[in-house]
Amino acid sequence: MEPLSQHHTGRPDTAEPAGLRRGLTDYGDTGFSLFLRKAFIKGAGFSDDALQRKIVGIIDTGSGYNPCHGNMPQLLEAVSRGVMLSGALPIKFPTISVHEAFSNPTSMFLRNLMSMDTEEMVRAQPMDAVILVGGCDKTVPAQLMGAISAGIPAIQLVVGPMVTGSHRGTRVGACTDCRGYWGKHRAGIVDIEEIGQVNNELVPGVGTCGVMGTASTMACVAEALGLIPIGGASPPANSAARLRVAEITGRLAAGPLPTINSILTRNSFENAITVLQAIGGSTNAVVHLLAIAGRVEGLNLTLDDFDRIGQKTPLLVDLKPSGDNYMEDFHKAGGVPALLRILSPLLHLNERTVTGRTLGEEIAASSALFPQSIIRPLCNPLVQDSALVVLRGNLAPGGCIIKQSAMSLALRKHTGRAVVFTSSRDLVNRIDDPNLDVDKDSILVLQNIGPVGNPGMPEAGYIPIPKKLARQGVTDILRLSDGRMSGTASGAVILHISPEAAVGGPLTIVQNGDLIEVDVQNRKLELRIPAAEIEHRLDKWKTYQNGVRQEDQARRGYRRLYLENVLQADRGVDFGFLTCKGE
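Participant: How would you summarise the overall build of the chain if you had to cite specific residues and measurements?
Facilitator: Assigned secondary structure in the chain consists of 20 helices and 14 strands. The C-alpha atoms of the chain give a radius of gyration of 25 Å, which matches the 25 Å a tight globule of 583 residues would have. By principal-axis analysis of the C-alpha atoms, the chain measures approximately 85 × 60 × 50 Å. In the chain, which comprises 583 residues, the share counted as buried stands at 57%. A sequence separation of at least 24 residues applies to 74% of the contacts in the chain between residues at least 6 apart. Of the roughly 23000 Å² that the chain leaves accessible, carbon and sulfur atoms contribute 51%. Computed over 57 positive and 58 negative side-chain charges, the separation of the two mean positions in the chain equals 1 Å.

This is the structure:
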């Protein structure tokens, strides 16, 4: 048996700590720290041979409260097999698991907490590399944010999208169709019996939403960043292909895996934004990419980068909510590798990926294109450019987002009178009031659902069309807020207005009847009242705030930490002290 001074790694004491000797617990005696660590882990049945090997940590985000991650046991088995086939030791460990529909007040409230959990558990435990296994909406950005800050080699594995179900002969899938059928139910088109029937079919199995929602968007974006093996974003959760991706991921993690920080550059983020625009991806991805970039020294990504790249990037992928199809169709059409091949003239092909090869080399090695109708060629896009648009103006000095690829053409240039709701509770209480003074030309305004105003910036920005309008056949109406909406949603919805109402942004002083001008082509969002009146209202708001105890003042715990440190939407809603600058 080797002497303890060699730490069972075959390396002299002067070598950089690796394997089991990484991050030893501080007992004031490193030899005893390793001795004690080995004693305990041998209790789990590990041999000296196993404990001499490279250790690959595998994050387990399985949870009874996270049905999207229901294939986690099979993925963990497959990824562990890949690690062991390459001669390393896989060790699974849990972190927070966040599901969109099972998180109060919202999963976004917990994203930064999950990133902290990921970072600290990766730092605290001995591993030479880590595999980030996630999928549902906020888990992938949280894991990437944490892994960047932890600074060790890492690779992402997603659980994969669910397949579609069937309702009365029609394909259905979460969650664009969830909203579509619910809207029809509100309009009186779908009765209570049918809404119950379709509820059984919308989520036919495990996996993330089967459309281009936030989860699928972040998977595609992570592949474009070079953090997922080529072709790893789109295989369905219940497929053999998904398990093969897991095994490949394990093999890569056991090899000379680079750190995420060494892969992420401004050019790699430009590639990711190009893909985001080409897939008509979730508006949430803008917030997440800003937060991820904020963890990387020297990147300084801004909303202007999204708009600049969008203006030269067409929408190519025909998937809901911007198109008609589902993630399983995208996978069968070639997935992200096929899209990257088509987008090659717009990409930085020399960017490094987790395989050690460049993005261009990975594209060249992927399958050739074949005839299909899901991924369009550059010469025949669904939308010529800018699926996602950044608007600015006196109502959004810090910017805001709209997905023009999923809105009514007639509303891209519109002026209407404001119908204001001061909170999500006010919205619930009044949106269906038959006496609500609203018509199809109105602009619905929802205040105080931003990062601070309603902690977690809920997806209430997808304001329902008032029942009395829905029953008149109105299917879209302009809506604006400082909150978010689901990536699976569609409509003329302006989101992420910054600064938000709760911190004194101009949104807070909008009143019923004010005229608001929206001009998507010219990137403009304007409150049509005199500048002097805006200043007067803002001064009045500040005076009122100074004399009122904040209702949402938090005295303790994570909520207090959140409220005291969260950044605005145009900076990714991260905590200032977690960014690379440590604000």
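There is more to say, and it comes next.
Participant: Give me the lowdown on the side chain of Ser33, citing residues and values where you can.
Facilitator: Tracing the chain through its elements places Ser33 in helix H1 (residues 30-42). When residues no more than four places from it in sequence are discounted, the contact partners of Ser33 are Leu24, Thr25 and Tyr27.

Participant: Describe the pairing of strand S2 (residues 89-94), naming the residues involved and giving the relevant values.
Facilitator: Bridging between strand S1 (residues 55-60) and S2 involves six bridges; their strand directions are parallel. Bridge pairing in S2 places Ile58 opposite Lys92. Considered for its hand, the β-α-β crossover made up of S1, helix H3 (residues 72-85) and S2 is right-handed.

Participant: Account for empty space enclosed by the protein, naming residues and giving values.
Facilitator: What the rule picks out here adds up to three cavities of 30 Å³ or more. Taken as a whole, the largest cavity encloses approximately 60 Å³ of empty space. Surrounding the largest cavity, Glu223, Gly226, Ile228, Pro229, Ile230, Thr353, Val354, Thr355, Leu359 and Glu362 form its lining. Its residues assigned to classes, the lining of the largest cavity shows five nonpolar, three polar and two charged.

Participant: Tell me what's going on with the sheet that holds S1, and back it up with residues and numbers.
Facilitator: The strand order across the open sheet formed by four strands is S2-S1-S3-S4, and the pairing between neighbours is parallel. In this open sheet, the two edge strands, each paired with only one partner strand, are S2 and strand S4 (154-158). Neighbour-to-neighbour, the strand axes of this sheet turn through a mean angle of 25°, independent of strand direction. Contacts from H3 reach S1, S2, strand S3 (129-134) and S4 within the one sheet, and its direction differs from that of S1 by about 170°.

Participant: I'd like a description of the side chain of Ser107, backed by residues and values.
Facilitator: Within the secondary structure, Ser107 sits in helix H4 (residues 107-124). With relative accessibility at 1%, the residue Ser107 sits in the buried group. A distance of 2.6 Å separates a polar atom in the side chain of Ser107 from a polar atom in the side chain of Glu100. Non-local contacts of Ser107, meaning those with residues more than four positions away in its chain, are made with Val98, His99, Glu100 and Lys138.

Participant: Account for the nonpolar core, with residues named and values stated.
Facilitator: Membership of the largest hydrophobic core comes to 97 residues, with the highest contact counts inside it found for Val130, Ile131, Ile260, Leu264, Phe269, Phe306 and Leu339. Ignoring any residue separated from it by four or fewer positions in sequence, one finds Phe269 in contact with Leu225, Leu264, Leu289, Ile292, Ala293, Leu299 and Leu301. Of all hydrophobic cores here, the second largest spans 30 residues; its members include Leu391, Ala492, Ile509 and Val518.

Participant: Explain helix H13 (residues 303-310) to me, and be specific about the residues and the numbers.
Facilitator: Of all eight residues in H13, six are buried, a share of seventy percent or more. Looking at H13, one finds that the buried residues are Leu303, Asp305, Phe306, Asp307, Ile309 and Gly310. On its buried face, H13 is in contact with helix H11 (266-279), helix H12 (284-294), strand S7 (388-393) and strand S8 (396-403).

Participant: Please provide a residue-by-residue account of the pattern of salt bridges, values included.
Facilitator: Within the structure shown, the criterion is met by 35 salt bridges. Measuring nitrogen to oxygen at the nearest pair gives 3.1 Å for the salt bridge that ties Arg123 to Glu119. Of the two residues, Arg123 and Glu119 both sit in helix H4, four residues apart, roughly one turn of that helix. Of the residues examined, Arg123 reaches a relative accessible area of 45% and is grouped as partly exposed. With its nearest N and O atoms 2.7 Å apart, the salt bridge here joins Arg537 to Asp514. Taken together, the residues span a long stretch of sequence, with Arg537 in helix H19 (residues 531-546) and Asp514 in the loop between strand S12 (493-498) and strand S13 (515-519) at a distance of 23 residues. Across this residue pair, the class does not change: Arg537 and Asp514 are buried.

Participant: I'd like a rundown of a nonpolar patch on the surface, residues and numbers included.
Facilitator: The grouping of Tyr27, Phe32 and Phe35 at the surface amounts to a nonpolar patch, some 320 Å² of accessible area in total. Among the secondary structure elements, Tyr27 is positioned in the segment before H1.

Participant: Go over unusual backbone geometry with me, naming the residues and quoting the values.
Facilitator: Each neighbour pair has its own omega, and for Asn104 with Pro105 the value is 5°, a cis peptide bond. Tracing the backbone shows Pro105 in the loop between S2 and H4. Positive phi, close to 50°, is recorded for Arg168, a residue that is not glycine. On the secondary structure map, Arg168 appears in the loop between strand S5 (165-167) and strand S6 (170-172).

Thresholds, definitions, all that
Residues numbered from 1 in each chain as written. Predicted model: local features only at pLDDT ≥ 70, side-chain atom pairs only at ≥ 80, totals over all residues. Heavy atoms only, no water. Helix = DSSP H or I, 4+ residues; strand = E, 2+ residues; numbered from the N terminus. Rg over C-alpha atoms; globule rule 2.2 N^0.38 Å. Buried < 20%, exposed > 50% of the residue type's maximum accessible area, 1.4 Å probe, protein only. Contact = heavy atoms within 4.5 Å. Areas by Shrake-Rupley, 256 points an atom, 1.4 Å probe, with all protein chains shown as cover. Lys, Arg positive; Asp, Glu negative; His and termini not counted. Charge placed at Lys NZ, Arg CZ, Asp CG, Glu CD. Pairing = 2+ DSSP bridges. Right-handed = clockwise from strand over helix to strand, strands pointing away. 1 Å grid on protein atoms, 1.4 Å probe; cavity = no way out; pocket = protein on both sides within 12 Å on 5 of 7 lines; lining within 4 Å. Points joined across faces, edges and corners; volume = space filled by probe spheres on them. Nonpolar A, V, L, I, M, F, W, Y, C, P; charged D, E, K, R; others polar. Axes fitted to C-alpha atoms, helices over the stretch in contact; angles between N-to-C directions. Polar contact = N/O pair within 3.5 Å; in protein donor to acceptor, adjacent residues only side chain to side chain. Core = buried A, V, L, I, M, F, W, Y, C linked by side-chain atoms within 4.5 Å. Salt bridge = Lys/Arg side-chain N within 4 Å of Asp/Glu carboxyl O. Patch = residues over 30% accessible without salt bridge, like charges linked within 9 Å, V, L, I, M, F, W, Y side chains within 5 Å.

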